[in-house]
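Geometric and topological summary
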Amino acid sequence: MVVNSVVASITTAFSRQRSTVLVFWLLACLILPGAANANTILVMGDSLSAAYGVETDTAWVNLLRERLDEQDREQWQVVNASISGETTDGGARRLPALLDRHQPDIVIIELGGNDGLRGFQPPVIRDNLSAMIEASQEAGARVLLVGMQIPPNYGASYTRLFTEMFPDLSDQYDTALVPFFLDGIYNGDGLMQDDGIHPTSEAQPRLLENVWPHLQPLLQETASASR
């Protein structure tokens, strides 16, 4: 009887210990994913952000991840939802589900180039970008709008309307703005692929440098707001 009593006591002690460990494990599973995903940058782009024609490791979005790590901003994760050939219509359709899934703090919208190259009407492009900005802001995210330009052979009027659309939207919705994503790249030696549309691997650091000065304040604002 004494032996049975001792065995029962030991079994109860181990059961309680396992229960305690299980409770802590469950709490960790509930808490840690939220903490890991607390700060997220969602990139909504086209082939310029989808590493078209370059190694993924050399692409500007991956270089952004590396810079965040180098600056001890490991709490940030970068979700690249860019798709080659994407238009503003496609981006506007995909964005709500992505916002719900990733709950980003910052949304980088790098779309519109394909719309312009296909001759889509600026009011249509503008409406799609407006919808994306509004959805992002309603979800509590700060927005960085990336400006684009198209070749002059589309006509002076169309080219002007397209170019002015980005700063106009930025002013309207009070977003951060990259004035021109390909600034210093589109006319640089060895910085564009043979198609004349996509930047080379050598141009990827410059793409990041065009984005970074406008992204960095958003990182700081988010950090300050979370304190």
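In case you missed it, the structure is sitting above this.
Below or above, wherever it landed, is the structure these notes cover. Along every chain, residues carry numbers that run from 1 in the direction the sequence is written. Restriction of local features to residues with pLDDT of at least 70 applies here, the model being predicted, together with a cutoff of 80 or more for giving and counting side-chain atom pairs; totals for whole chains, interfaces and linings are based on all residues. The basis for every side-chain value is the complete set of heavy atoms in the structure, and neither hydrogens nor water enter the calculation.

1. Things to note about the pairing of strand S2 (residues 76–80)
Under the convention used in this document: For two strands to be treated as a pair, DSSP must find no fewer than two bridges joining them. Secondary structure elements follow DSSP: runs of H or I of four or more residues count as helices, runs of E of two or more count as strands, with numbering from the N terminus. Handedness of a crossover is defined as follows: with both strands directed away from the viewer, a clockwise route from the first strand across the helix to the second makes it right-handed.
Direction of pairing for strand S1 (residues 39–45) relative to S2: parallel, over a ladder of five bridges. Residue pairing in the sheet places Thr40 in a bridge with Gln77 of S2. Since S1 and S2 lie parallel, the crossover through helix H2 (residues 60–70) that links them has a hand, and here it is right-handed.

2. Examining a negative patch on the surface
Short version of the rule: Nonpolar side chains (Val, Leu, Ile, Met, Phe, Trp, Tyr) are joined into patches within 5 Å and like charges within 9 Å, using only residues with over 30% relative accessible area and no salt bridge. Here, Shrake-Rupley sampling with a 1.4 Å probe gives the accessible areas, and only protein chains in the shown set may cover a residue. Between Lys or Arg on one side and Asp or Glu on the other, a salt bridge is scored when a side-chain nitrogen of the former is within 4 Å of a carboxyl oxygen of the latter. Only four residue types enter the charge count: Lys and Arg as positive, Asp and Glu as negative, with His and the chain ends excluded. For this purpose, a charge sits on NZ of Lys, CZ of Arg, CG of Asp or CD of Glu. Partly exposed residues are those whose accessible area sits between 20% and 50% of the maximum for their type, while under 20% is buried and over 50% is exposed, using a 1.4 Å probe and protein chains only.
A cluster of acidic residues, Glu55, Asp57, Glu66, Asp69, Glu70, Asp72 and Glu74, forms a negative patch at the surface. Locating Glu70 in the fold gives a position in helix H2. Taking relative accessible area as the criterion, Glu70 reaches 62% and is therefore assigned exposed.

3. Digging into the packing of H2 against helix H7 (residues 204–225)
Note the following rule: Axis lines are fitted to C-alpha atoms, over the contacting stretch for helices. Their N-to-C directions set the angle, which ranges from 0 to 180 degrees. The cut-offs work like this: below 35 degrees is roughly parallel, past 145 is roughly antiparallel, 65 to 115 is roughly perpendicular, and the gaps in between are oblique. Two helices crossing with the near one rotated counterclockwise from the far one by less than a right angle form a left-handed crossing, whereas a clockwise rotation gives a right-handed crossing. Residue contacts are defined here by distance: any two heavy atoms, one from each residue, within 4.5 Å place the two residues in contact. Only Asp, Glu, Lys and Arg are considered charged, only Ala, Val, Leu, Ile, Met, Phe, Trp, Tyr, Cys and Pro nonpolar, and every remaining residue, Gly among them, polar.
Two numbers describe how H2 lies on H7: the axes approach to 9 Å, and their chain directions differ by 50°. In terms of orientation, H2 lies oblique with respect to H7. Note on packing geometry: the crossing formed by H2 with H7 is right-handed. Mapping the contact onto sequence places Trp60, Leu63, Leu64, Arg67 and Leu68 in H2 and Gln204, Pro205, Leu207, Leu208, Glu209, Val211, Trp212, Leu215 and Leu219 in H7. Looking at the contact of H2 with H7 residue by residue, the class counts come to eleven nonpolar, one polar and two charged.

4. Focus: the side chain of Thr222
Position of Thr222 among the secondary structure elements: in helix H7. Residue Thr222 is classed as buried on the basis of its relative accessible area of 4%. If we skip the residues at most four places from it in the chain, Thr222 touches Asn39, Trp76, Asp105, Ile106 and Arg142.

5. Notes on the sheet that holds strand S5 (residues 176–178)
The sheet built from five strands is open, its strands ordered S2-S1-S3-S4-S5 with parallel pairing. Since the sheet does not close on itself, it has two edges, and those belong to S2 and S5, each with one partner. Taken over all neighbouring pairs, the strand axes of this sheet differ in orientation by 20° on average, direction set aside. The pairing of S1 with strand S3 (residues 106–110) spans five bridges and is parallel. By the bridge assignment for S3, Leu42 is matched with Val107.

6. What about helix H5 (residues 122–138)?
Filter applied, for reference: Every helix has an expected span of 1.5 Å times one less than the residues it contains.
Between its first and last C-alpha atoms H5 spans 24 Å; for 17 residues at 1.5 Å apiece the expected length is 24 Å, and the two agree. Three or more residues of H5 are buried, namely Pro122, Ile125, Asn128, Leu129, Ser130, Met132, Ile133 and Ser136. Of the surrounding elements, those touching the buried residues of H5 are S1, helix H3 (88–102), S3, helix H4 (113–117), strand S4 (142–146) and helix H6 (156–173). Residue Gly140 follows H5 closely and has a positive phi angle near 90°.

7. Brief notes about unusual backbone geometry
With phi around 60°, Ala51 is a residue other than glycine that occupies positive phi space. Structurally, Ala51 is set in the loop between S1 and H2. Relative accessible area serves as the criterion here: at 15%, Ala51 is assigned to the buried category. The phi angle at Gln103 is positive, at roughly 45°, despite the residue not being glycine. Tracing the sequence through the fold places Gln103 in the loop between H3 and S3.

8. Description of the pattern of salt bridges
A side chain with one charge may pair with a side chain of the opposite charge, provided their charged atoms come close. What the rule picks out here adds up to six salt bridges. The salt bridge partner of Arg67 is Glu209, with a shortest N-O separation of 2.5 Å. Placement of the pair is Arg67 in helix H2 and Glu209 in helix H7, with a sequence separation of 142 residues. On the basis of relative accessible area, Arg67 is assigned to the buried category, the value being 18%. Judged by relative accessible area, Glu209 falls into the partly exposed class, the value being 37%. Close ionic contact of Arg126 with Asp168 constitutes a salt bridge, the shortest N to O distance being 4.0 Å. Placement of the pair is Arg126 in helix H5 and Asp168 in helix H6, with a sequence separation of 42 residues.

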